[in-house]
Amino acid sequence: AQSVTQPDARVTVSEGASLQLRCKYSYFGTPYLFWYVQYPRQGLQLLLKYYPGDPVVQGVNGFEAEFSKSNSSFHLRKASVHWSDWAVYFCAVSTQVVGQLTFGRGTRLQVYA
Amino acid sequence: NAGVIQTPRHKVTGKGQEATLWCEPISGHSAVFWYRQTIVQGLEFLTYFRNQAPIDDSGMPKERFSAQMPNQSHSTLKIQSTQPQDSAVYLCASSSLSGNTLYFGEGSRLIVV
């Protein structure tokens, strides 16, 4: 069965600093990978998704992620963090074109001025 | 496009009572998913419908939980004889069959007292 590990429960950065949120997945086949963001008391919103192809994926609000098969990773990056990025970020994996997602435990991002 | 609509947003119920949660998927989406979110367990997959048919209910507790999708415009999650451990945010998501991006509702927060 597939799984996702987000090793950092909480990350704190200063506004304007760069960001990397880590994600490791476990699946022997070709995965579909996702990053979702959850703002307080809201549902999950898609940031970006990876389908087999270009390993670097661009998302909304300046986010991007890079798929690495050798490292089983799909880390999320942003060049300059804004205070409005304060939220919980979830990495997820799917094994089918249409099917359930398996989520990591999430990383809480805190941004300070 | 109104997005996925979940009602009620908040529900407080007494132990032993029944709770029913509703989900209206995005118009034209044929796949509907239910997840449960708690601090302890994170995001847990419950069940999945495709074209109103149950496809995968491997995450549903064997007792007291049931889900239905009587038509393409809504799905229900019913919890009988609610227990305090059922307290959670229940998230519904929908997807088209041409791509596996899940669009989430804002969730129904259930509190069992």
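To start, this report covers the structure provided alongside it. The shown structure was predicted, so the numbers you read here are calculated from the model rather than taken from an experiment.

**Overview of the overall build of chain B**
Now for step 1: When its secondary structure is counted, chain B shows 0 helices and 11 strands.
Now for step 2: For chain B, the succession of helices and strands along the chain, N to C, is β-β-β-β-β-β-β-β-β-β-β.
Now for step 3: Rg of the C-alpha trace for chain B: 13 Å, near the compact-globule value of 13 Å for 113 residues, within the 12% margin.
Now for step 4: In terms of overall dimensions, chain B has a C-alpha envelope of 40 × 25 × 25 Å along the principal axes.

**Topic: the layout of surface pockets**
Now for step 1: The space that makes up the largest pocket amounts to roughly 910 Å³.
Now for step 2: Lining the largest pocket are 34 residues, and of these Q38(A), V88(A), R108(A), Q37(B) and I39(B) sit closest to its centre.
Now for step 3: Taken together, the elements giving at least two residues each to the lining of the largest pocket come down to β10 (87–94) and β12 (107–112) of chain A together with β4 (31–38), β9 (88–95) and β11 (108–112) of chain B.
Now for step 4: Partitioned by chemical class, the residues of the lining of the largest pocket number 15 nonpolar, 11 polar and 8 charged.
Now for step 5: Its boundaries defined by the atoms lining it, the second largest pocket holds a volume of some 160 Å³.
Now for step 6: For the second largest pocket, the lining is made up of 12 residues, of which P25(B), I26(B), S27(B), G28(B) and Q72(B) are closest to its centre.

**Observations concerning unusual backbone geometry**
Glycine aside, a negative phi is what most residues show, and trans is what most peptide bonds show.
All names here are of chain B.
Now for step 1: Residues T7 and P8 are joined by a peptide bond in cis, for which omega reads -10°.
Now for step 2: With respect to the helices and strands, P8 occurs in the loop between β1 (5–7) and β2 (10–13).
Now for step 3: Positive phi outside glycine occurs at S81, with the angle close to 45°.
Now for step 4: Mapped onto the elements of the fold, S81 is located in the loop between β8 (74–79) and β9.
Now for step 5: The exposure class of S81 is partly exposed, given its relative accessible area of 34%.

**Quick word on the nonpolar core**
Now for step 1: Among the nonpolar cores identified, the biggest contains 27 residues, and L19(A), W35(A), L47(A), L48(A), F74(A), L76(A) and Y89(A) are the most heavily contacted of them.
Now for step 2: Looking at this core, the elements that each hand over two or more residues are β2 (10–14), β3 (19–21), β5 (32–38), β6 (44–50), β8 (63–68), β9 (73–78), β10 and β12 of chain A.
Now for step 3: Sequence-distant contacts of L76(A), defined by excluding residues within four places in its chain, comprise L19(A), Q20(A), L21(A), W35(A), L47(A), L48(A), F63(A), E64(A), A65(A) and Y89(A).
Now for step 4: If you look at the next biggest cluster of nonpolar residues, it comprises 21 residues, including V98(A), L43(B), A93(B) and F104(B).

**Thoughts on the pairing of strand β5 (residues 42–50) of chain B**
Residue and element names in this part refer to chain B.
Now for step 1: Taking burial as the measure, the 9 residues of β5 include 7 buried ones, the bulk of the element.
Now for step 2: As defined by bridge partners, β4 adjoins β5 across 8 bridges and the pair is classed as antiparallel. Of the residues in β5, the one forming a bridge with F33 is Y48.
Now for step 3: Linkage of β4 to β5, two consecutive antiparallel strands, is achieved through a turn of 3 residues.
Now for step 4: Alignment of β5 against strand β6 (residues 53–56), held across 3 bridges, turns out to be antiparallel. By the bridge assignment, F49 is partnered in β6 with P54.
Now for step 5: Hairpin connection from β5 to β6: 2 residues lie between these consecutive antiparallel strands, with N51 at a positive phi of about 50°.

Parameters and conventions
- Starting afresh in each chain, residues are numbered from 1 along the sequence in its written order.
- Whichever chain is written first becomes A and whichever ligand is written first becomes 1, with later ones labelled in order.
- Residues qualify for local features only when their pLDDT is at least 70, as the model is predicted, and side-chain atom pairs are given and counted only at 80 or more; totals for whole chains, interfaces and linings, by contrast, use all residues.
- Only heavy atoms go into the side-chain values, all of them from the structure, while hydrogens and water stay out.
- Secondary structure elements follow DSSP: runs of H or I no shorter than four residues count as helices, runs of E no shorter than two count as strands, and numbering proceeds from the N terminus.
- The reference for a compact globule is 2.2 Å times residues^0.38; the radius of gyration itself is calculated from the C-alpha atoms.
- Grid spacing is 1 Å over the protein atoms alone, the probe is 1.4 Å, and a cavity is where that probe fits but cannot get out, while a pocket is an open set with protein on both sides within 12 Å along at least five of seven lines and lining residues have an atom within 4 Å of a point.
- Grid points are joined across faces, edges and corners, and a volume is the space filled by probe spheres set on the points.
- Residues were grouped as follows: Ala, Val, Leu, Ile, Met, Phe, Trp, Tyr, Cys and Pro as nonpolar; Asp, Glu, Lys and Arg as charged; and all remaining residues, including Gly, as polar.
- Exposure classes here rest on a 1.4 Å probe applied to the protein chains alone. A residue is buried below 20% of its type maximum, exposed above 50%, and partly exposed in between.
- Take the buried residues of types Ala, Val, Leu, Ile, Met, Phe, Trp, Tyr and Cys, join any two whose side-chain atoms come within 4.5 Å, and each joined set is a nonpolar core.
- Throughout, a contact is declared for two residues whenever any of their heavy atoms are within 4.5 Å.
- DSSP-based pairing: two strands are paired if at least 2 bridges between them are found.

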